[in-house]
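Descriptive structure summary
For reference, the chains in residue letters:
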Amino acid sequence: MRQQIEALFSALPDGIHEQQLQNFELLLIKGSWGELALARQGAQVLHFRPAGEAPLLWISDCAKAPPAPIRGGVPLCWPWFGDHPSQAGQPAHGVARTARWDWRLQNAGADGVQLRAEPTRNLWSGLEVGLEVRVRGSAIELLLESRNVAQQPVELTQALHSYLAVADVGRIEILGLRDCDYLDKLRDGRRASQDGELRVESALDRVYRHTGVTEVLDPVLQRRLRVAKSGSGSTVVWNPGVGAAGLSDVGMDQQPRFVCVEAANTGLDPVRLAPGESRRIGTVLSVGPLA
Ligand SMILES: O=P(O)(O)OC[C@H]1O[C@@H](O)[C@H](O)[C@@H](O)[C@@H]1O
């Protein structure tokens, strides 16, 4: 899908274009600020390339057909992260990423664009959800808002599951998590503390107790990807390592090309909403020089 999206953009004039790709309905937006590709499925940001930069987000070259989740970009995990806390048989990472959403343009200018997405139907009883996406210069911001429309308190978990594009995951360094406690999903949820800066030497699936900024230093692309966030007390870092061989939409050839650094609310910091209350989780992804 990545190659096709890049080819489509290179042939498009500036503007907003609706396009079908591998049976997914996409909005491709191009301006002097760069390129943005959005899917109706899951209100998923698939591709963001600021002018003069390489794409910030990785997207699979062999994505599964709809309605499977699209591997890459920024899937929305909502209203639960990972497995459903009590109901076996519910899909991993919730129902938002495979649902159909409507996009509405709110603003377009020389330095960016702003859109809002809402699901075409109620996704989960007692909860409403909406997404705002803003591009400004070399940064993209996502804000996911949940509102409790029930008569009782509601608890949810969620993630903005960013797949960051890197040249070689084995060579990156992830700053910002030093000394943070984490839960290691690959070791039965064992708790540990991050010793030094994080490197991805093998499969990694960790939930950090962390509210700050994370930076991914990429010595090959000579750039720094910054993940800032709000309303989030968990940062998830994931790369499947050799497990990628068993994922038909990754494979060992694509496994080194991304790392997921996700702004999240997990079991460590679930969101509790009183009746009528709403809350937002946000992330700003941006790119800058390494030095
Ligand atoms: O394959 P999925 O459902 O998109 O999930 C990918 C990964 O997403 C991460 O956020 C989880 O921590 C991992 O456990 C999971 O494997």
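Up top you'll find the structure we're talking about.
First, a word on what this report is: a plain description of the structure on this page. All of these numbers come straight from a predicted model, not from anything done at the bench.

**Concerning unusual backbone geometry**
Backbone torsion omega between Pro66 and Pro67 reads 10°, so that peptide bond is classified as cis. One can find Pro67 in the loop between strand 4 (44-50) and strand 5 (76-77). Here the phi dihedral of Asp188 falls at roughly 55°; this positive angle occurs in a residue that is not glycine. Along the chain, the position of Asp188 falls in the loop between strand 14 (181-184) and strand 15 (190-193).

**Quick notes on the environment of Ala159**
Structurally, the position occupied by Ala159 is in strand 11 (residues 158-160). Sequence separation between Ala159 and Ser232 is 73 residues; the distance between their C-alpha atoms is 8.7 Å. Ignoring any residue separated from it by four or fewer positions in sequence, one finds Ala159 in contact with Pro75, Leu76, Cys77, Phe81, Glu262, Ala263 and Ala264.

**Considering the sheet that holds strand 4**
With antiparallel pairing, the four strands of this open sheet are ordered in space as 1-2-3-4. One side of each edge strand has no neighbouring strand; the edge strands of this open sheet are strand 1 (15-21) and strand 4. Strand-to-strand, the axes of this sheet are offset by a mean angle of 15°, without reference to chain direction. For strand 3 (residues 34-39) and strand 4, the ladder comprises six bridges, and the chain directions are antiparallel. Among the inter-strand pairings, Ala37 is bridged to a residue of strand 4, identified as His47. Each of strand 1, strand 2 (24-31), strand 3 and strand 4 touches helix 1 (residues 2-11); the most contacted strand, strand 2, lies at about 45° to it.

**Description of the packing of aromatic side chains**
In total, this model carries seven aromatic pairs according to the counting rule given. Ring-pair connections join several aromatic residues into one group, and the members of that group are Trp58, Tyr163, Trp238 and Phe258.

**Notes on the pattern of salt bridges**
Side chains bearing opposite charge may pair, as long as their charged atoms lie close to each other. Tallied over the entire structure, the rule returns 17 salt bridges. Between Glu6 and Arg2 there is a salt bridge, and its shortest N-O distance comes to 3.9 Å. Of the two residues, Glu6 and Arg2 both sit in helix 1, four residues apart, roughly one turn of that helix. A residue is classified by how much of its surface remains accessible, and Arg2, at 27% relative accessible area, is partly exposed. Salt-bridge contacts for Glu141 lead to Arg134; the nearest nitrogen and oxygen are separated by 3.4 Å. A relative accessible area of 21% places Arg134 in the partly exposed class. One salt-bridge network, held together by shared partners, links Arg116, Glu118, Glu132, Arg134 and Glu141.

**Considering the side chain of Glu35**
Mapped onto the secondary structure, Glu35 falls in strand 3. In this structure the side chain of Glu35 is engaged in a polar contact, spanning 2.8 Å, whose partner is the side chain of His47. With sequence-adjacent residues up to four places away left out, Glu35 is seen in contact with Phe9, Ile29, Lys30, His47, Phe48 and Arg49.

**Topic: the pairing of strand 9 (residues 139-148)**
Within strand 9, seven of the 10 residues are buried, leaving the element largely enclosed by the surrounding structure. Two elements, strand 8 (residues 127-136) and strand 9, share 10 bridges in a ladder whose sense is antiparallel. Counted as the bridge partner of Arg134 is Glu141 from strand 9. Taking the residues between adjacent antiparallel strands as the criterion, strand 8 and strand 9 are bridged by two residues, where Gly137 takes a positive phi near 60°.

Definitions and limits used
- Residues numbered from 1 in each chain as written.
- Predicted model: local features only at pLDDT ≥ 70, side-chain atom pairs only at ≥ 80, totals over all residues.
- Heavy atoms only, no water.
- Helix = DSSP H or I, 4+ residues; strand = E, 2+ residues; numbered from the N terminus.
- Contact = heavy atoms within 4.5 Å.
- Pairing = 2+ DSSP bridges.
- Axes fitted to C-alpha atoms, helices over the stretch in contact; angles between N-to-C directions.
- Phe/Tyr/Trp six-rings, centres within 6.5 Å; stacked < 30°, edge-to-face > 60°.
- Salt bridge = Lys/Arg side-chain N within 4 Å of Asp/Glu carboxyl O.
- Buried < 20%, exposed > 50% of the residue type's maximum accessible area, 1.4 Å probe, protein only.
- Polar contact = N/O pair within 3.5 Å; in protein donor to acceptor, adjacent residues only side chain to side chain.

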